[in-house]
Amino acid sequence: MLLRVVPLMLVMLIASLGPQPAHSARHANDYRSSARFIFGEAGGAAPVPVLSGEQSSRSRARKRTATRRLAAANQSQTKSIEDILTDSILWGPDFATALSSVPAFLRAGETQVAVFPDRVIGRKKYPAPGQADAKLPTLSRQLSVTQRLSPRSLKMRNFMAVGRTELKPEVYLLPDDRTFRLAAVSPAARFLVPGVNLADVEGRLGKAERVTTELLDDGTERRPIVLTLHYYAGGAIILVESDINPRIGSVDRVFLDASKISAALF
């Protein structure tokens, strides 16, 4: 009853003040509008939405889910290069050998290398084998030097103290695009865990910082191969899917930034 009387009393009070200037009349209309907003057209209280217990629980669950997703997205940014390079979910028992070859490729003029299960390949494309052959002596010489490099951190020194195998430098014809590349090969080596699922890797490292695609065309009528690149550690480490890999969603190869890896470790 009180809720119905109060707006009526407000209106009577405004009317008792007699004729008002135009701006005061507008104020009175504002008061009446405010009274209708607060108390309703009939003077009753306006309904106020109240969340039920179930709705409140759903809201809290959505917030927790969003928080977890944000944490997963940011997790990869907190993972250091060393953390990723020593995570056993990705790397095979001989990966230390592949890792020690990265500075050698850098000194041979490569800015990025691709790590496959049994070989490390420069990303620089040579259209003819002779052009790659000219760089082969440099790579061979530097491999013998960098195999003896010692990482700065104790963690990496311990990691790279095991799993060493011999690497043979060669010029390699990459079948994906039929270009010639510098390579360091060890046929019996296992540099990567075979067929590791990218979703499992994301569970350990978090979501990639960004994802792009790359096409490899061999110049024939064959359709281009599509690589999907997942970037970690500011692009120092890139996990790569290939659409011709029969294990869909698996890590096919890993690109390493030769400069960033060398600077971070040695």
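Quick note: structure is the one above.
Let us look at the structure shown here.

**Details of the sheet that holds strand β6 (residues 225-232)**
As a general point, the strands of a sheet are linked pairwise by backbone hydrogen bonds and lie either parallel or antiparallel.
Here is step 1 of the chain: Read across the open sheet, the 8 strands follow the order β3-β4-β2-β1-β8-β7-β6-β5; overall the sheet is antiparallel. At either margin of the open sheet sits one strand with a lone partner, and together these are β3 (168-174) and β5 (210-216). Across the sheet, the mean angle separating the axes of adjacent strands is 30 degrees when strand polarity is ignored.
Here is step 2 of the chain: Sheet analysis places β6 next to strand β7 (residues 237-242), joined by 6 bridges and oriented antiparallel. For Tyr 231, the partnering residue across the bridge sits in β7 and is Ile 238.
Here is step 3 of the chain: Helix-sheet contacts for helix α10 (residues 198-205) involve β6 and β7, and the interaxial angle to β6 is about 10 degrees.
Here is step 4 of the chain: Most of the contacts of helix α11 (residues 258-265) go to strand β8 (residues 253-257), to which it runs at about 70 degrees, and overall it touches β1 (112-115), β7 and β8.

**With respect to the packing of aromatic side chains**
Here is step 1 of the chain: Tallying each qualifying case throughout the model produces 2 aromatic pairs.
Here is step 2 of the chain: Between Trp 91 and Phe 95 the ring centres are 3.9 Å apart and the planes differ by 15 degrees, which places this aromatic pair in the stacked class.
Here is step 3 of the chain: Taken together, Trp 91, Phe 95 and Phe 159 form an aromatic cluster joined through their ring pairs.
Here is step 4 of the chain: The ring of Phe 255 carries Arg 123 above its face, with NZ or CZ at 3.8 Å from the centroid.
Here is step 5 of the chain: The lysine or arginine in question, Arg 210, covers the ring of Tyr 231, its NZ or CZ lying 3.9 Å from the ring centre.

**With respect to unusual backbone geometry**
Of all residues except glycine, most have a negative phi; of all peptide bonds, most are trans.
Here is step 1 of the chain: Its identity as a non-glycine residue notwithstanding, Arg 178 has a phi of 55 degrees, on the positive side.
Here is step 2 of the chain: For Arg 178, the location among the structural elements is in the loop between β3 and β4 (179-185).
Here is step 3 of the chain: Positive phi outside glycine occurs at Ala 233, with the angle close to 50 degrees.
Here is step 4 of the chain: With respect to the helices and strands, Ala 233 occurs in the loop between β6 and β7.

**Let's talk about the pattern of salt bridges**
Here is step 1 of the chain: Inspection of the entire model under this criterion finds 12 salt bridges.
Here is step 2 of the chain: As a salt-bridge pair, Arg 119 and Glu 170 come within 3.6 Å of each other at their nearest N and O atoms. Highlighted residues: Arg 119 in strand β2 (residues 119-122) and Glu 170 in strand β3, separated in sequence by 51 residues.
Here is step 3 of the chain: By relative accessible area, which is 22% here, Glu 170 ends up partly exposed.
Here is step 4 of the chain: Across the pair Arg 123 and Glu 214 runs a salt bridge, and its minimum N-O distance is 3.0 Å. Taken together, the residues Arg 123 in the loop between β2 and α7 (129-133) and Glu 214 in strand β5 connect sequence positions 91 residues apart.
Here is step 5 of the chain: Looking at Glu 214, the relative accessible area reads 19%, which means it is buried.
Here is step 6 of the chain: Salt bridges here are not isolated pairs; linked through shared partners, they connect Asp 118, Arg 119 and Glu 170.

Here is what the cut-offs are and how they apply
Residues numbered from 1 in each chain as written. Predicted model: local features only at pLDDT ≥ 70, side-chain atom pairs only at ≥ 80, totals over all residues. Heavy atoms only, no water. Pairing = 2+ DSSP bridges. Helix = DSSP H or I, 4+ residues; strand = E, 2+ residues; numbered from the N terminus. Axes fitted to C-alpha atoms, helices over the stretch in contact; angles between N-to-C directions. Contact = heavy atoms within 4.5 Å. Phe/Tyr/Trp six-rings, centres within 6.5 Å; stacked < 30°, edge-to-face > 60°. Lys NZ or Arg CZ within 6 Å of the ring centre and 35° of its normal. Salt bridge = Lys/Arg side-chain N within 4 Å of Asp/Glu carboxyl O. Buried < 20%, exposed > 50% of the residue type's maximum accessible area, 1.4 Å probe, protein only.

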